Amino acid sequence: MRAVVFERYGEPAEVREVADPEPADHGVVVRVEATGLCRSDWHGWQGHDPDVALPHVPGHELAGVVEAAGTRVTHWRPGDRVTVPFVCACGTCPSCAAGEQQVCERQTQPGFTHWGSFAQYVALDHADVNLIAVPDDLSYATAASLGCRFATAFRAVVQQGRVAAGEWVAVHGCGGVGLSAVMIAAASGARVVAVDVSPHALDLARKFGATECVDASRTQHTAAAIRELTGGGAHLSLDALGSPATCAASVNGLRRRGRHVQVGLLPSPTGATPVPMARVIALELELLGSHGMAAHAYPPLLELVRAGVLRPDLLVTSRITLDATPAALAAMGTAPGAGVTVIAPWS
Ligand SMILES: [Zn+2]
Ligand SMILES: [Zn+2]
């Protein structure tokens, strides 16, 4: 098969022929019809993720067709249209037994712990626990865009963030996950303040339901601007980019007893990110993480997508080939771009 491969962290990836994957006895091989390009792929390529071993094939947001199933797989067979959370659970550890597969103790992640979906085929473990059926009327590109960012945003806003109608929600960083969060928060009846350094990203945020926008390239005082716009601060705020500056601005833009959800990854040479903890204490803020979403939690999300309440298809702003992927991966570092880029490995 053809795949995007890199041999060294941060050095150009290339498209080449590699061996087709084989399914584990509990796993499947999926023919990849669409796969999203995410900033986490860039982090993996840069060597920020200790799970990534070389040589490596990135890619973790995917949809496609089951090509082959292992002997112990009972729910799925070749020809099924499927997608998968980026956190693939083991199905048997205490976290899985508690229904919290998104924090599975023995999780695998395509594109991180093993070769991913920037390829014509990808192997996925524990298929009965992890695969999600894609309805016939949902395109592969849309299904792939759910995989990491939309599902992560859904869990961050609805489940971890406990958004309520009428609340103010601030979203820092309006790439794929941020725009997803804007759309989900607005659909939940919240008033949304979008923050980004790109006027184009803010235009998209407005289109997807943000009522207020803050251009962080034009102010040193993002948090103060949010507090001003929201009459004292957001009830819920997400760092959807993942940087010390956006994390701090998110926490500092909250009102008393507000909730911060960290969604964007925060790689740091020291392994630590400064957080304004004095404010956390004085205002009784909540700090929450959000790490994907378990396969069993997808049906309510898919129902809202089918009903047209949520439109992840509108987030897909660019479609590229496998051959164009190495350059697009490299560009995620400096210009993550607005919206979601979807790769079609067979085009
Ligand atoms: Zn991702
Ligand atoms: Zn588990």
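Residues numbered from 1 in each chain as written. Chains lettered and ligands numbered in written order. Predicted model: local features only at pLDDT ≥ 70, side-chain atom pairs only at ≥ 80, totals over all residues. Heavy atoms only, no water.

Asker: Outline the overall build of the protein, supporting the account with residue identities and numerical values.
Answerer: When its secondary structure is counted, the protein shows 11 helices and 15 strands. Its C-alpha radius of gyration of 19 Å places the protein within 12% of the 20 Å reference for a compact globule of 347 residues. Overall size of the protein, expressed as C-alpha extent along the three principal axes, is 60 × 40 × 35 Å. Scored against the burial criterion, the 347 residues of the protein give a buried share of 55%. Within the protein, contacts between residues separated by at least 24 positions form 70% of all contacts whose residues are at least 6 apart in sequence. As displayed, the protein offers around 13900 Å² of accessible surface, 53% of which is attributable to carbon and sulfur atoms. Once the 25 positive and 32 negative side-chain charges of the protein are each reduced to a mean point, those two points are 8 Å apart. (Helix = DSSP H or I, 4+ residues; strand = E, 2+ residues; numbered from the N terminus. Rg over C-alpha atoms; globule rule 2.2 N^0.38 Å. Buried < 20%, exposed > 50% of the residue type's maximum accessible area, 1.4 Å probe, protein only. Contact = heavy atoms within 4.5 Å. Areas by Shrake-Rupley, 256 points an atom, 1.4 Å probe, with all protein chains shown as cover. Lys, Arg positive; Asp, Glu negative; His and termini not counted. Charge placed at Lys NZ, Arg CZ, Asp CG, Glu CD.)

Asker: I'd like to hear about helix 1 (residues 39–46), residue by residue, with values.
Answerer: Across the 8 residues that make up helix 1, a large majority, 6, are buried. When helix 1 is considered as a whole, its buried residues turn out to be S40, D41, W42, H43, G44 and W45. Against the buried residues of helix 1 lie strand 3 (28–37) and helix 11 (325–331). Phi for G47, located one or two positions after helix 1, is positive at around 90°.

Asker: Which residues make up the pattern of salt bridges, and what values go with them?
Answerer: Here the structure, examined in full by the defined rule, presents 14 salt bridges. Among the ionic pairs, R206 bridges to D203, the shortest N-O distance being 3.4 Å. Taken as a pair, R206 and D203 lie in helix 6 (residues 199–207) at a separation of 3 residues, close to a single helical turn. With a relative accessible area of 45%, R206 lands in the partly exposed category. A residue is classified by how much of its surface remains accessible, and D203, at 47% relative accessible area, is partly exposed. (Salt bridge = Lys/Arg side-chain N within 4 Å of Asp/Glu carboxyl O.)

Asker: Could you give an account of the sheet that holds strand 12 (residues 254–262), with specific residues and numbers?
Answerer: Here we have 6 strands laid out as an open sheet, ordered 10-9-8-11-12-13, and parallel in their pairing. Since the sheet does not close on itself, it has two edges, and those belong to strand 10 (212–215) and strand 13 (286–289), each with one partner. Across this sheet, the average inter-strand angle for adjacent strands is 20°, counted without regard to direction. Judged from the 5 bridges that link them, strand 11 (residues 234–239) and strand 12 form a sheet pairing that is parallel. Residue D239 lies in a different strand from strand 12, and its bridge partner there is Q262. Of the strands in this sheet, strand 8 (168–172), strand 9 (191–196), strand 10 and strand 11 are in contact with helix 7 (residues 222–229), which crosses strand 10 at around 160°. (Pairing = 2+ DSSP bridges. Axes fitted to C-alpha atoms, helices over the stretch in contact; angles between N-to-C directions.)

Asker: Could you give an account of the coordination of the zinc ion (ligand 2), with specific residues and numbers?
Answerer: Looking at the zinc ion (ligand 2), one finds its protein donor set to be C90 (SG), C93 (SG), C96 (SG) and C104 (SG), positioned 2.3 to 2.4 Å from the metal centre. Coordination at the zinc ion (ligand 2) comes from 4 donor atoms whose angles at the metal span 102 to 116°, giving a geometry best classed as tetrahedral. All donor residues of the zinc ion (ligand 2) come from one chain, and their arrangement in sequence is C-x2-C-x2-C-x7-C. Residue C90 shares its accessibility class with C93, and that shared class is buried. (Donors = N, O, S within 2.8 Å, 3.2 Å for Na, K, Ca; no water. Tetrahedral: all angles 85-135°; square planar, octahedral: opposite > 155°, others 65-115°.)

Asker: Hey, could you go over the coordination of the zinc ion (ligand 1) for me, with residue numbers and the actual values?
Answerer: The coordination sphere of the zinc ion (ligand 1) contains the protein donors C38 (SG), H60 (NE2) and C148 (SG), at a distance range of 2.0 to 2.2 Å. In primary-sequence terms, the residues that donate to the zinc ion (ligand 1) follow C-x21-H-x87-C. Taken together, the positions of C38 in the loop between strand 3 and helix 1 and H60 in the loop between helix 1 and strand 4 (61–69) put the pair 22 residues apart, joining distant regions of the chain. Residue C38 is classed as buried on the basis of its relative accessible area, which comes to 4%.

Asker: If you had to explain the nonpolar core to someone new, which residues and values would you point to?
Answerer: Judged by nonpolar contacts, the single largest core of 56 residues is most densely connected at F150, V169, V182, A194, L238, L301 and L310. Among the elements that take part in this core, helix 4 (residues 140–160) stands out by supplying 11 residues, more than any other. Grouped together as the second largest cluster of nonpolar side chains are 24 residues, W45, A123, L322 and L329 included. (Core = buried A, V, L, I, M, F, W, Y, C linked by side-chain atoms within 4.5 Å.)

Asker: Explain the packing of helix 4 against helix 10 (residues 298–306) to me, and be specific about the residues and the numbers.
Answerer: Interhelical geometry of helix 4 versus helix 10 gives an angle of 100° and a closest axis separation of 11 Å. Relative to helix 10, the element helix 4 lies roughly perpendicular. Two secondary-structure elements touch here, helix 4 through L146, G147, F150, A151 and F154 and helix 10 through Y298, L301, L302, L304 and V305. (Parallel < 35°, antiparallel > 145°, perpendicular 65-115°, else oblique.)

Asker: Kindly report on the environment of D313, identifying the contributing residues and their values.
Answerer: Mapped onto the elements, D313 comes out in the loop between helix 10 and strand 14 (316–321). Judged by its relative accessible area of 29%, D313 falls in the partly exposed class. As a C-alpha pair, D313 and S250 span 63 residues in sequence and 27 Å in three-dimensional space. Engagement of the side chain of D313 in a polar contact is seen with the side chain of R311, the distance being 2.8 Å. (Polar contact = N/O pair within 3.5 Å; in protein donor to acceptor, adjacent residues only side chain to side chain.)

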